[in-house]
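Structural characterization, general
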Amino acid sequence: MPVPIIIDCDPGHDDAIAILLAAGDPAVDLLAITTVAGNQVVEKTTLNARRICTAAAITDVPIAAGCARPLVGPRYVADDVHGESGMDGPRFGEPTVRAVPEHAVDLMRRILTGHPEPVTLIPTAPMTNIALLLTRYPEVAGHIREIVLMGGSTERGNRTPVAEFNVYADPEAADIVFRSGLPVTMCGLNVTHQALATPDVLARFEALGSELGGICAELMTYFASTYRRIWGFDAPPLHDPVAVARVIDPAIVRCAEASVAVELRGQYTRGATVVDLHRYLDRPVNAQVALSLDQEQFWDRIVTAVDTLGKRAVRTDRPWHAGP
Ligand code: RIB
Ligand code: CA
């Protein structure tokens, strides 16, 4: 039976691929997509979710916009990484997939309480919506199977020397999630930096011969340009699909249990995830922490999901590479 999931995201190049993996892989049942401010302002992340769903003909999954700013502190965007639109690179037409008028938190609550079995939440963005859901509607906790998030790191950061963007953009929200008492799995930079979209990976998407395959290749080409310019990466790490892959097949993402604390007050360390893999601190285990990725399985699942969706999506007049 497919695992019912909700993705809470900030598309975002890697969020877009995470949505395609979730919609195209039969191991999960994508019940809803909720958006939040993160890589760009929430108006843009919502538009980008509509764009990728239109391109992939994902027309039966409700999209709802959520919080426009973090619980506390300033709002950060990552336009240096994802561009002015939040998903620069491909040219998208006007999306036909619309968003529902509900707030993301209300949509999540409605779906969670109405679904016949507990649902897995997959946040791939600042966790503002999730924290607000758990705080505003504590009764939904019994309807949540687990939270499998992309965020944090067992090592260095990518927004400060020690803080990863999704946690740094709303540390209080991340703290609420890690303290929730729910089963939490953290897929941090230490594992997502093993998910590099190399030229061989891009060639696999191009070889699909579909418009959607071409869009994925263009997304990763743009993402590669910013990761090369900012961090000197030879290939961009596709962070967010790692969290989805963990739900699709836990064997793809090896984890170990640990206590994870979110630093809220450090002058130089706010937003850091302090992951105690060796039990130095006398703190209870509150998370599974992802450590390694089966890269072959990871990319096979993504390419297969995009191929499945690409064959279903209606071709438009976009000047893509000639397909079969
Ligand atoms: O640090 C990587 C995370 O920040 C990813 O989710 C990416 O989409 C950005 O949101
Ligand atoms: Ca993201």
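1. Some details on the overall build of the chain
The helix and strand inventory of the chain stands at 12 helices and 9 strands. Here the C-alpha atoms of the chain give a radius of gyration of 18 Å, agreeing with the 20 Å that 2.2 N^0.38 yields for 324 residues. Counting only residues that meet the buried cut, the chain has 58% of its 324 residues in that class. By sequence separation, contacts in the chain at least 24 residues apart represent 83% of the contacts at least 6 residues apart. As displayed, the chain offers around 13,100 Å² of accessible surface, 52% of which is attributable to carbon and sulfur atoms. Both charge centroids of the chain, one from 28 positive and one from 39 negative side chains, sit 3 Å from each other.

2. Let's talk about the site of ligand 1
Near ligand 1, the surroundings consist of 14 residues, among which Asp 14, Asp 15, Asn 158, Glu 164 and Asp 240 are the closest. With respect to ligand 1, the side chain of Asp 15 contributes an N or O atom lying 2.9 Å from an oxygen atom. Asp 240 places a polar side-chain atom, nitrogen or oxygen, 2.6 Å from an oxygen atom of ligand 1. In the complex, the protein chains occlude 96% of the 280 Å² of accessible area that ligand 1 would expose alone. With respect to the pocket detection grid, ligand 1 is positioned in the largest cavity. Contributions of two or more residues to the shell around ligand 1 are made by helix H1 (13-24) and helix H6 (165-168). Its residues placed into classes, the shell around ligand 1 shows 3 nonpolar, 6 polar and 5 charged.

3. Notes on helix H9 (residues 199-207)
Along H9, the positions that sit buried rather than exposed are Val 201, Leu 202 and Phe 205. Looking straight down H9, one finds that the buried residues subtend no more than 100° of arc, so they occupy a single side. Along H9, the residues that are exposed and aim more than 90 degrees away from the buried face are Pro 199, Asp 200 and Ala 207. The secondary structure elements touched by the buried residues of H9 are helix H10 (211-231) and helix H12 (295-312). Positioned one or two residues after H9, Gly 209 has a phi angle of 70°, which is positive.

4. With respect to the sheet that holds strand E8 (residues 273-276)
If you walk across this open sheet you meet the 9 strands as E3-E2-E1-E4-E5-E6-E9-E7-E8, and the pairing is mixed. Looking along the sheet, the strands with just one partner apiece sit at the ends: strand E3 (63-65) and E8. Strand-to-strand twist across the sheet, computed as the mean angle between neighbouring axes with direction ignored, equals 30°. Inspection of the sheet shows strand E4 (residues 119-123) paired to strand E5 (residues 144-150) by 3 bridges, in the parallel sense. Opposite Thr 120, over in E5, you have Glu 146 as the bridge partner.

5. Describing the layout of surface pockets
Roughly 240 Å³ of volume is contained in the second largest pocket. Looking at the second largest pocket, it is lined by 14 residues, and the ones nearest its centre are Asp 175, Arg 179, Ala 261, Val 262 and Arg 283. Counting residues per element, the ones that place at least two in the lining of the second largest pocket are helix H7 (171-178) and strand E7 (253-262). If you tally residues by element for the lining of the second largest pocket, the top one is E7, at 3 residues. When grouped by side-chain class, the residues that make up the lining of the second largest pocket number 8 nonpolar, 1 polar and 5 charged.

6. A few points about the coordination of the calcium ion (ligand 2)
The coordination sphere of the calcium ion (ligand 2), as far as protein atoms go, consists of Asp 10 (OD), Asp 15 (OD), Asp 15 (OD), Thr 124 (O) and Asp 240 (OD), spread over 2.2 to 2.7 Å. Coordination of the calcium ion (ligand 2) draws on donor residues from a single chain, spaced D-x4-D-x108-T-x115-D in sequence. Taken together, the residues span a long stretch of sequence, with Asp 15 in helix H1 and Thr 124 in the loop between E4 and helix H5 (128-136) at a distance of 109 residues. Like Asp 15, the residue Thr 124 is buried in the burial classification.

7. With respect to helix H4 (residues 104-114)
The set of residues buried in H4 consists of Ala 104, Val 105, Leu 107, Met 108, Ile 111 and Leu 112. Seen from one end, H4 has its buried residues packed into an arc of 160°, which puts them on one side.

8. Points about the packing of aromatic side chains
Tallied over the full model, the rule gives 5 aromatic pairs. Taking 4.9 Å as the distance between ring centres and 35° as the angle between the ring planes, the aromatic pair formed by Tyr 76 and Tyr 168 counts as tilted. Separated by 92 residues along the polypeptide, Tyr 76 in the loop between E3 and helix H3 (79-82) and Tyr 168 in helix H6 bring together distant segments of the chain. By relative accessible area, which is 30% here, Tyr 76 ends up partly exposed. For the pair Tyr 227 and Phe 233, a centre-to-centre distance of 5.2 Å together with 70° between the ring planes defines the contact as edge-to-face. Through a chain of ring-to-ring contacts, the aromatic side chains of Phe 223, Tyr 227, Trp 231 and Phe 233 assemble into a single cluster.

Rules used in this analysis
- Residues numbered from 1 in each chain as written.
- Chains lettered and ligands numbered in written order.
- Predicted model: local features only at pLDDT ≥ 70, side-chain atom pairs only at ≥ 80, totals over all residues.
- Heavy atoms only, no water.
- Helix = DSSP H or I, 4+ residues; strand = E, 2+ residues; numbered from the N terminus.
- Rg over C-alpha atoms; globule rule 2.2 N^0.38 Å.
- Buried < 20%, exposed > 50% of the residue type's maximum accessible area, 1.4 Å probe, protein only.
- Contact = heavy atoms within 4.5 Å.
- Areas by Shrake-Rupley, 256 points an atom, 1.4 Å probe, with all protein chains shown as cover.
- Lys, Arg positive; Asp, Glu negative; His and termini not counted.
- Charge placed at Lys NZ, Arg CZ, Asp CG, Glu CD.
- Near = heavy atom within 4 Å.
- Polar contact = N/O pair within 3.5 Å; in protein donor to acceptor, adjacent residues only side chain to side chain.
- 1 Å grid on protein atoms, 1.4 Å probe; cavity = no way out; pocket = protein on both sides within 12 Å on 5 of 7 lines; lining within 4 Å.
- Sits in = over half its atoms within 2 Å of the grid points.
- Nonpolar A, V, L, I, M, F, W, Y, C, P; charged D, E, K, R; others polar.
- Arc of directions from axis to C-beta.
- Pairing = 2+ DSSP bridges.
- Axes fitted to C-alpha atoms, helices over the stretch in contact; angles between N-to-C directions.
- Points joined across faces, edges and corners; volume = space filled by probe spheres on them.
- Donors = N, O, S within 2.8 Å, 3.2 Å for Na, K, Ca; no water.
- Phe/Tyr/Trp six-rings, centres within 6.5 Å; stacked < 30°, edge-to-face > 60°.

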